[in-house]
Amino acid sequence: MSKVVKFGGSSLANAEQFQKVGSIIRSDSERRYVVPSAPGKRFGSDTKVTDMLYACYDLAEQERDFAKELRDIEERYQEIIDGLGLEISLKEEFRVIEKSFREKAGSNYAASRGEYLNGIIMAAYLGYEFVDAATVIFFSENGEFDGERTNQILSERLAGCEKAVVPGFYGAMPDGTVKTFSRGGSDITGSIVAKAVKADVYENWTDVSGFLVADPRIIHHPQAIDVITYRELRELAYMGATVLHEEAIFPVRQEGIPINIRNTNAPEDAGTWIVGSTCQKSRYVITGIAGKKGFCCVNIEKDMMNSEIGFGRKVLQVFEENGISFEHVPSGIDTMTVFVHQDEFVDKEQKVVAGIHRVGNPDSIDIESDLALIAVVGRGMKSTRGTAGRIFSALAHSNVNVKMIDQGSSELNIIIGVANEDFETAIRAIYDIFVVTKL
Ligand code: ASP
């Protein structure tokens with residue numbers, strides 16, 4: 001049995017957090033492969049080491065003095081080393097980093113040093129082997145992650161290591177230069193490592209006890225989700241629920257490896273299990289609610305639209321030609337509505353309107369702005385009658401006007417469009433009816 005354990009920045013922000021991580025790892029001998037992030041914030045107004053590195057490298061690139069900024073970063077690590085009572089020194093590493101910054105090694109290289117150095121400390125602290133991610137995780141020429149090459153080399157490399165630390169967030173381009181994933185990308189590394197070693201579970205340790213049914217900024221102390229499927233998670237993540245990097249589910253999903261989100265500050269909590277499929281019912285009919293503000297809808301009317309072949313395609317092509325992606329396209333007999341992100345659309349709206357007139361000759365086009373979309377997600381909805389009814393009566397009781405309804409054919413989610421200003425009220429009403437009162 002083997003487990004891959006990834007620890008986020010807040011779990012490794014200082015020596016005290018490292019000690020918690022150390023005891024979590026030592027308490028289970030199956031936790032053999034460790035993927036650390038860079039040190040995160042120690043307190044609310046603190047700066048993540050990754051952000052310090054970006055800022056420091058910016059100065060280097062502008063050929064300004066960056067000695068103090070680099071020293072501050074070195075001190076963050078020294079504080080951890082001293083706090084853990086380790087004998088190692090990062091002096092030589094910092095000398096190389098300084099030289100590389102002067103030679104303009106690139107911001108990807110700069111940012112990756114956060115994980116790289118934390119990996120060295122973690123390996124020394126645990127007595128695990130250190131495996132530099134640049135030697136086992138690869139990107140192809142076009143900058144995309146090269147899953148095949150990575151899996152081959154990484155699995156061979158780790159087959160020879162009983163216990164290892166692989167720093168998160170970066171890998172190497174074919175010419176050997178360092179490249180990072182997008183922000184929060186250590187989650188992806190963890191998933192890649194789990195796939196390579198065919199782990200039994202990918203534990204992702206963070207500072208919350210898993211996914212919550214709703215956003216804690218809107219709902220006071222929401223319930224945690226025990227088990228969620230990959231598909232449900234995709235829906236919620238797309239709508240803004242963030243705990244795990246969106247791309248982190250793909251490598252493990254292919255292998256059927258479950259992800260367990262855990263809390264470093266409350267290791268006794270079971271956290272959330274993310275699985276391919278499950279016969280476990282969720283505690284409530286819905287698994288989660290998430291949403292986003294800032295949408296616009298373009299309502300298009302044309303008599304006999306329903307019998308005009310190709311009308312929808314022509315309209316959507318106008319959005320495509322203007323580089324705007326659409327979110328939802330609910331339609332009626334003689335109407336069609338296209339939901340788009342307001343900030344993507346604003347500058348191009350008149351071009352889009354003119355384009356639709358040109359290709360489709362509609363009777364009218366009307367634009368509505370400042371809308372929010374809310375996704376109510378749950379594998380349980382399929383087998384429960386009246387879910388939609390409960391949602392809409394809850395919204396009506398809270399005086400929320402529903403502007404759009406979209407239920408996907410998967411019956412996994414119901415998407416509701418409301419005015420931006422009704423967003424929080426709507427989420428509270430839905431949470432209330434399914435989780436609090438369970439009416
Ligand atoms: N340290 C990187 C970031 O701050 C990557 C990560 O933490 O996953 O985005």
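Our structure's up above, just so we're on the same page.
Here goes a summary of the coordinates provided.

**A word on the overall build of the protein**
The helix and strand tally for the protein stands at 14 helices and 16 strands. Scaling as 2.2 N^0.38, a compact globule of 439 residues should have a C-alpha radius of gyration of about 22 Å, and the protein matches this with 25 Å. In terms of overall dimensions, the protein has a C-alpha envelope of 75 × 50 × 40 Å along the principal axes. Counting over 439 residues, the protein shows a buried share of 52%. Look at the contacts in the protein between residues 6 or more apart in sequence, and 74% of them connect residues 24 or more apart. A total of about 20000 Å² of accessible surface is found on the protein, and carbon and sulfur atoms cover 47% of it.

**Thoughts on the site of the ligand**
Neighbouring the ligand are the residues Ser37, Lys48, Thr50, Glu115, Phe169, Arg183, Gly184, Gly185 and Ser186. Between the ligand and lysine 48, the relevant distance is 3.1 Å, taken from an oxygen atom to a side-chain nitrogen or oxygen of the residue. The side chain of threonine 50 places a nitrogen or oxygen atom 2.8 Å from a nitrogen atom of the ligand.

**A look at the side chain of threonine 264**
By the element assignment, threonine 264 lies in the loop between strand S9 (259–263) and strand S10 (272–275). Look at threonine 264 and you get buried, because its relative accessible area is 1%. A distance of 2.8 Å separates polar atoms of two side chains, one belonging to threonine 264 and the other to serine 11. The contact partners of threonine 264, leaving out residues within four places of it in the chain, are Phe7, Ser11, Lys20, Val21, Ile24, Trp205 and Thr206.

**What to know about the pairing of S10**
Direction of pairing for strand S8 (residues 227–229) relative to S10: parallel, over a ladder of three bridges. Looking at S10, one finds that isoleucine 228 is bridged to isoleucine 274. Sheet analysis places S9 next to S10, joined by three bridges and oriented antiparallel. Residue pairing across strands places isoleucine 259 opposite isoleucine 274, the latter belonging to S10.

**Describing the pattern of salt bridges**
Tallied over the entire structure, the rule returns 25 salt bridges. Here aspartate 187 and lysine 6 are joined by a salt bridge, their closest N and O atoms 2.9 Å apart. A residue pair is termed long-range when its members are at least 10 positions apart, and aspartate 187 in helix H7 (residues 186–196) and lysine 6 in strand S1 (residues 3–7) qualify at 181 residues. For the pair aspartate 187 and lysine 6, a shared accessibility class is recorded, and that class is buried.

**Considerations on the pairing of strand S16 (residues 413–419)**
Buried residues dominate S16, accounting for seven of its seven residues. By the bridge criterion, seven bridges tie strand S14 (residues 364–377) to S16 in an arrangement that is antiparallel. In the sheet register, leucine 371 faces S16, and the bridge partner there is alanine 419. As paired strands, strand S15 (residues 404–407) and S16 are joined by four bridges and run antiparallel to one another. Within S16, the residue paired with isoleucine 405 across the bridge is isoleucine 416. Between S15 and S16, which follow one another and run antiparallel, lie five residues, and glutamate 411 among them has a positive phi close to 55°.

**As for helix H8 (residues 230–238)**
By the burial criterion, the buried members of H8 are Tyr230, Glu232, Leu233, Leu236 and Ala237. Projected down its long axis, H8 carries its buried residues within an arc of 155°, all on one side. In this structure, the buried side of H8 is in contact with S8, helix H9 (249–255), S9, S10, strand S11 (288–301) and S14. Taken from the residues just after H8, glycine 240 is the one with a positive phi, measuring 110°.

**Some thoughts on the sheet that holds strand S7 (residues 201–206)**
Ordered by their spatial adjacency, eight strands build an open sheet running S3-S4-S2-S1-S7-S9-S10-S8, and the pairing between neighbours is mixed. The sheet is open, and its two borders are formed by strand S3 (129–130) and S8, each paired with just one other strand. Across two bridges, S3 lies against strand S4 (residues 164–165) in parallel orientation. Residue glutamate 129 lies in a different strand from S4, and its bridge partner there is alanine 164. Against the sheet, H8 touches S8, S9 and S10, its axis set at about 85° to S8.

**Notes on the nonpolar core**
Core analysis: the biggest nonpolar cluster contains 121 residues, and Phe101 and Leu158 have the highest contact counts within it. When residues of this core are assigned to their parent elements, the largest contribution, 10 residues, is made by helix H5 (residues 107–126). In this view, phenylalanine 101 contacts Leu53, Cys56, Tyr57, Ala60, Phe66, Leu70, Tyr109 and Ala110; residues no more than four positions away in its chain are not counted.

**Brief notes about the side chain of lysine 195**
Tracing the backbone shows lysine 195 in helix H7. On the basis of relative accessibility, which here comes to 17%, the residue lysine 195 falls in the buried class. Polar contacts involving the side chain of lysine 195 include one to the side chain of glutamine 254, which spans 2.7 Å. Discounting residues that sit within four places of it in the chain, lysine 195 has contacts with Asn151, Pro251, Gln254, Glu255 and Ile257.

**Quick look at the environment of tyrosine 33**
For tyrosine 33, the location among the structural elements is in strand S2 (residues 31–36). Setting aside anything within four residues of it in sequence, one finds tyrosine 33 in contact with Ser2, Lys3, Val4, Val5, Leu158, Cys161, Glu162, Ala164, Val193 and Val197. Reaching out from tyrosine 33, the side chain makes a polar contact with the side chain of arginine 32 at a distance of 2.9 Å.

**With respect to the environment of arginine 217**
Mapped onto the secondary structure, arginine 217 falls in the loop between S7 and S8. On the accessibility criterion, arginine 217 (74% relative accessible area) is exposed. The spacing of arginine 217 and glutamate 308 is 91 residues in sequence and 46 Å in space, taken between C-alpha atoms. At 2.8 Å, the side chain of arginine 217 and the side chain of aspartate 215 are in polar contact.

About the cut-offs
Residues numbered from 1 in each chain as written. Predicted model: local features only at pLDDT ≥ 70, side-chain atom pairs only at ≥ 80, totals over all residues. Heavy atoms only, no water. Helix = DSSP H or I, 4+ residues; strand = E, 2+ residues; numbered from the N terminus. Rg over C-alpha atoms; globule rule 2.2 N^0.38 Å. Buried < 20%, exposed > 50% of the residue type's maximum accessible area, 1.4 Å probe, protein only. Contact = heavy atoms within 4.5 Å. Areas by Shrake-Rupley, 256 points an atom, 1.4 Å probe, with all protein chains shown as cover. Near = heavy atom within 4 Å. Polar contact = N/O pair within 3.5 Å; in protein donor to acceptor, adjacent residues only side chain to side chain. Pairing = 2+ DSSP bridges. Salt bridge = Lys/Arg side-chain N within 4 Å of Asp/Glu carboxyl O. Arc of directions from axis to C-beta. Axes fitted to C-alpha atoms, helices over the stretch in contact; angles between N-to-C directions. Core = buried A, V, L, I, M, F, W, Y, C linked by side-chain atoms within 4.5 Å.

Structural measurements only, silent on function.
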